[in-house]
Amino acid sequence: MKKKLAMLMAATMVFGLTACGSSDDSAAKDDTAKTDDAAKDDAAADDAADSDAAASDGEFKADVNGDGKIIVGYISKNLTDPFHGPINESGTQKLDALVDEGVIDEWTGILDGNTDGPTQINCAQDCISKGCDYVIILPAEAEASDPAVVQMAEAGIHVVVVNSKTNSTDDLAMLYSGSDDVQAGEMMGNYIIEKCPDGGKYVHCNGILGNSAQIQRTEGIANTLGANEKFEMVADEDTQWKGDLAANAATNAMAQYGDELVAIVCDNDDMSSAAQTACNSNGRSDIFCIGVDGNQTPLQMIKDGELGATVYQDGVGQLGAAIDAIVESINSGSAPAEKEIMVDFVLVTSENVDEYLQ
């Protein structure tokens, strides 16, 4: 009996030792697994940190999405007005040629901004979803179109702003290509001062309020006519780039101010040509109307002696310079050295109109 009891106690002790050993081995294995997992987590964290550091070191990549393709987006201001029509046509030709040459893989076609900030924001979202690497945008307004620029830049797209700026263009865009609209306003003002040395009353017809061109051209007019004591601005009309509104403003001003009215200064040529036509129809060809752009209608009016002058803006040249900069960026794998390209305005009169009239 005693012998059986001794054997049972010995077996119990062996079982107990074996069970503890199994428990210790499992714990050791668990500890080892946890250590390995922790090491992997640390390594992953290090890799993520390295990736974040690489992303923040300003490294430029033409192929933003890393998909082996270069896609260019194009957000127009609109598809309808006489100034932007030739720009859009030129852009289509140039970007189609870049696809044919293999410089870019594809482009979005002309996305219609409809002269509307929210519409351009929707177009920007389309460009982001299409995986665009570069996007050209011709803003409708400085503030309302700005979220389009912000959202694309935040998505890593190289944004190229053409013709007029948004509020964040200088900070976020890869490039701006346009002209100095303050200079355009000053050229118009100085032309009126030259033609009307005795001074008089004048009307200013604005583009869409808040557009950078409207803001800066207004500044240029203020620098010249506004600073000249011989001249008085009797109306500052919200004519929204529209010829019919400018013609109404001209008709109302003629009725109210008669011979004291000497000039109507317009932010674009759709308005200046319409205003001058209204003046001429009322026997007031002595009133000097001038605007900016140099579209074919005002150029023909200058040729025919019906309009004195326009300030020519080379919108096609602005876009061409922007596309050239994109090609340079793709080929070099770096951002353009200069973030701003300026194309000069030109005063066009009867003396040089043949150079610009098609």
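Above this text you will find the structure in question.
Quick notes on the rules
Residues numbered from 1 in each chain as written. Predicted model: local features only at pLDDT ≥ 70, side-chain atom pairs only at ≥ 80, totals over all residues. Heavy atoms only, no water. Pairing = 2+ DSSP bridges. Helix = DSSP H or I, 4+ residues; strand = E, 2+ residues; numbered from the N terminus. Axes fitted to C-alpha atoms, helices over the stretch in contact; angles between N-to-C directions. Contact = heavy atoms within 4.5 Å. Expected span 1.5 Å × (residues − 1). Buried < 20%, exposed > 50% of the residue type's maximum accessible area, 1.4 Å probe, protein only. Arc of directions from axis to C-beta. Parallel < 35°, antiparallel > 145°, perpendicular 65-115°, else oblique. Left-handed = near helix turned anticlockwise from the far one by under 90°. Nonpolar A, V, L, I, M, F, W, Y, C, P; charged D, E, K, R; others polar.

A. Highlighting the sheet that holds strand β9 (residues 288-290). Read from one edge to the other, the open sheet built from 4 strands follows the order β7-β6-β8-β9, with strand pairing classed as parallel. For this open sheet the edge positions go to β7 (231-237) and β9, each flanked by a neighbour on one side alone. Strand-to-strand, the axes of this sheet are offset by a mean angle of 20°, without reference to chain direction. By the bridge criterion, 5 bridges tie strand β6 (residues 200-205) to strand β8 (residues 261-266) in an arrangement that is parallel. Bridge pairing links H204 to V265 in β8. Contacting β6, β8 and β9, helix α9 (residues 269-281) runs over the sheet at an angle of about 160° to β9.

B. Structural context of helix α8 (residues 243-257). Taking 1.5 Å per residue as the helical rise, α8 with its 15 residues ought to reach 21 Å, and the 21 Å between its terminal C-alpha atoms agrees with that figure. Taken residue by residue, α8 has G243, A246, A247, A249, A250, A253 and M254 as its buried positions. End-on, the buried residues of α8 take up no more than an arc of 160°, which puts them together on one face. Residues D244, N252, A255 and Q256 are exposed on α8 and point more than 90 degrees away from its buried face. Of the residues flanking the end of α8, it is G258, one or two places downstream, whose phi is positive at about 55°.

C. Just the environment of E351, in detail. Within the secondary structure, E351 is located in the segment after β13 (346-348). Taking the relative accessible area as the measure of exposure, E351 reaches 75% and is therefore exposed. Between the C-alpha atom of E351 and that of I302, which follows or precedes it by 49 residues, the distance is 9.6 Å.

D. Up close: unusual backbone geometry. One non-glycine residue, Q240, lies in the positive phi region at around 55°. Mapped onto the secondary structure, Q240 falls in the loop between β7 and α8. At W241, a position not held by glycine, the phi torsion is positive, near 70°. Counting through the fold element by element, W241 comes out in the loop between β7 and α8.

E. Summary view of the packing of α8 against α9. One can describe the packing of α8 onto α9 by two numbers: an axis separation of 7 Å at closest approach and a directional angle of 40°. Looking at the two axes, α8 sits oblique to α9. Taken as a pair, α8 and α9 cross one another with a handedness that is right-handed. The segment α8 lies against α9, with G243, A246, A247, A250, T251 and M254 engaging D270, M271, A274, A275, A278 and C279. A per-class count over the contact of α8 with α9 returns 9 nonpolar, 2 polar and 1 charged.

Purely geometric stuff here, so don't read any function into it on its own.
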